[in-house]
Amino acid sequence: MSLREIFSPSLEEEVRQAFRRLAKEDGGEVSKRCGVVFLPPRPPQRKHGRYIVNLLTKTYSVELGSMEVVDLISGKPASRELALIIVRYLGFSTSGRHSDDWVSYEKFPGARPYLQLFDRSVLRPLARIFGYNPERYEVACRRLGGKRERLGGMSYSFIFLPKIKVLTQVWRARKEDYTPPAANMSFNKSSRHYLSVRDLLLVGQYMVKILESESKKA
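Residues numbered from 1 in each chain as written. Predicted model: local features only at pLDDT ≥ 70, side-chain atom pairs only at ≥ 80, totals over all residues. Heavy atoms only, no water.

(A) Region of interest: helix H3 (residues 80-91). End to end, H3 covers 16 Å across twelve residues, agreeing with the expected 16 Å (1.5 Å per residue, within 8%). Taken across its twelve residues, H3 has eleven buried, putting it largely inside the fold. Among all positions in H3, only Arg 80, Leu 82, Ala 83, Leu 84, Ile 85, Ile 86, Val 87, Arg 88, Tyr 89, Leu 90 and Gly 91 are buried. (Helix = DSSP H or I, 4+ residues; strand = E, 2+ residues; numbered from the N terminus. Expected span 1.5 Å × (residues − 1). Buried < 20%, exposed > 50% of the residue type's maximum accessible area, 1.4 Å probe, protein only.)

(B) Highlighting the pattern of salt bridges. Tallied over the full model, the rule gives 16 salt bridges. In this structure, Arg 80 and Glu 68 form a salt bridge, with 3.6 Å as the shortest nitrogen-oxygen distance. Of this pair, Arg 80 sits in helix H3 while Glu 68 sits in strand E4 (residues 68-71), and the two are twelve residues apart along the sequence. Classification of Glu 68 by relative accessible area gives partly exposed; the value is 29%. (Salt bridge = Lys/Arg side-chain N within 4 Å of Asp/Glu carboxyl O.)

(C) Molecular detail of the environment of Gln 169. Along the chain, Gln 169 turns up in strand E8 (residues 164-171). Here Gln 169 falls in the buried class, since its relative accessible area comes to 9%. C-alpha separation for the pair Gln 169 and Gly 145, spaced 24 residues apart in sequence, amounts to 15 Å. Setting aside anything within four residues of it in sequence, one finds Gln 169 in contact with Leu 126, Tyr 137, Leu 151, Gly 152, Met 154, Ser 155, Ala 182, Ala 183, Asn 184 and Ser 186. Within the structure, the side chain of Gln 169 is placed 3.1 Å from the backbone oxygen of Gly 152, a separation counted as a polar contact. Side chain to side chain, Gln 169 and Ser 155 meet in a polar contact 3.5 Å long. (Contact = heavy atoms within 4.5 Å. Polar contact = N/O pair within 3.5 Å; in protein donor to acceptor, adjacent residues only side chain to side chain.)

(D) Up close: the sheet that holds strand E6 (residues 147-149). Pairing within the open sheet is antiparallel, and its five strands lie in the order E5-E9-E8-E7-E6. Sheet topology places strand E5 (102-104) and E6 at the edges, where each strand pairs with a single neighbour. Averaged over all pairs of adjacent strands, the angle between strand axes in this sheet comes to 35 degrees, irrespective of strand direction. As judged from the six bridges shared by E8 and strand E9 (residues 182-188), these two strands associate in the antiparallel manner. Within E9, the residue paired with Val 166 across the bridge is Phe 187. On the sheet, helix H4 (residues 115-130) packs against E8 and E9 and is oriented at approximately 125 degrees with respect to E9. (Pairing = 2+ DSSP bridges. Axes fitted to C-alpha atoms, helices over the stretch in contact; angles between N-to-C directions.)

(E) Structural detail: the packing of helix H5 (residues 134-143) against helix H6 (residues 197-217). In the contact formed by H5 and H6, the axes pass within 8 Å of each other and the chain directions differ by 105 degrees. One element, H5, and the other, H6, form an angle in the roughly perpendicular class. Contacts between H5 and H6 pair Arg 136, Ala 140, Cys 141 and Arg 143 from the former with Leu 211, Glu 214, Ser 215, Lys 216 and Lys 217 from the latter. The residue inventory of the contact of H5 with H6, partitioned by class, reads three nonpolar, one polar and five charged. (Parallel < 35°, antiparallel > 145°, perpendicular 65-115°, else oblique. Nonpolar A, V, L, I, M, F, W, Y, C, P; charged D, E, K, R; others polar.)

(F) Region of the structure containing unusual backbone geometry. In this structure, Pro 9 follows Ser 8 across a cis peptide bond, with omega equal to -5 degrees. For Pro 9, the location among the structural elements is in the segment before helix H1 (11-23). One non-glycine residue with positive phi stands out, namely Leu 56, at about 50 degrees. For Leu 56, the location among the structural elements is in the loop between strand E2 (50-55) and strand E3 (58-63). The class of Leu 56 is buried, set by a relative accessible area of 16%. One non-glycine residue, Met 67, lies in the positive phi region at around 55 degrees. Mapped onto the fold, Met 67 is located in the loop between E3 and E4. A residue is classified by how much of its surface remains accessible, and Met 67, at 25% relative accessible area, is partly exposed.

Okay, here's the thing in C-alpha cells:
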C-alpha cells in the first residue's frame, strides 16, 4: 500500500466529503465533544459558521463556507492532509469513555492493513532523523510543547488535538556496540473515538514532519 492509495477516491475529495458532513453537525455538540470553539454565522458578514481548533502549538480556523482550514496567526491554509485530520476529528467523532492510557498503533483495531506503511513512513523516519542526534529531538519536542515522560527511551507526550494525545519515543544509536536507533509512537486509547486508524497514520506522519521541521530551527 502506498500513501496515495490510502485516500478514496482522492485526498481532495475526502476533504470535501468531510466538510460536507461536518456542515450537517450541530456546532454546539461538536464543540462539547471535541473541546473546540464554534462560532455561529453572523449574517450578513458570514453565512457559515467556523470552528477554532488548537493543534500542538498552533490555532486553526475551520471555515465551513470556503472549506478551508487556515492558520489563525499566519493566515496561510493548512496542508490538505492536515485539513483532513482536523475536519475528520470534528465531524466523525463519537461519544466514548475518555482514556489517557497509551496504546501502540498496531494494537488499535483495524490497524493491520496500515502497519507496513506506518513503519515505513513514521517509525523508520523518526528513528533515522533523531536516533543519531537525540539533542535535536529533545529541542524539537520542547518547541512543540512536548512533556518529558518517564517511559522507555527518550519519551515525550503531546496534546495533538484537544482529545488526541501522542507519545513519541526514540532510542539512540550506540555505535560502540553497533546498536541501530529505534522509535515508537503511541496514542491515547480514546483516540479511536475521534479518528480512524487511517487518520492516526496521517497524524503520525505529520508528527514526524513537524518534529523534523522544528529541529532544523534550533
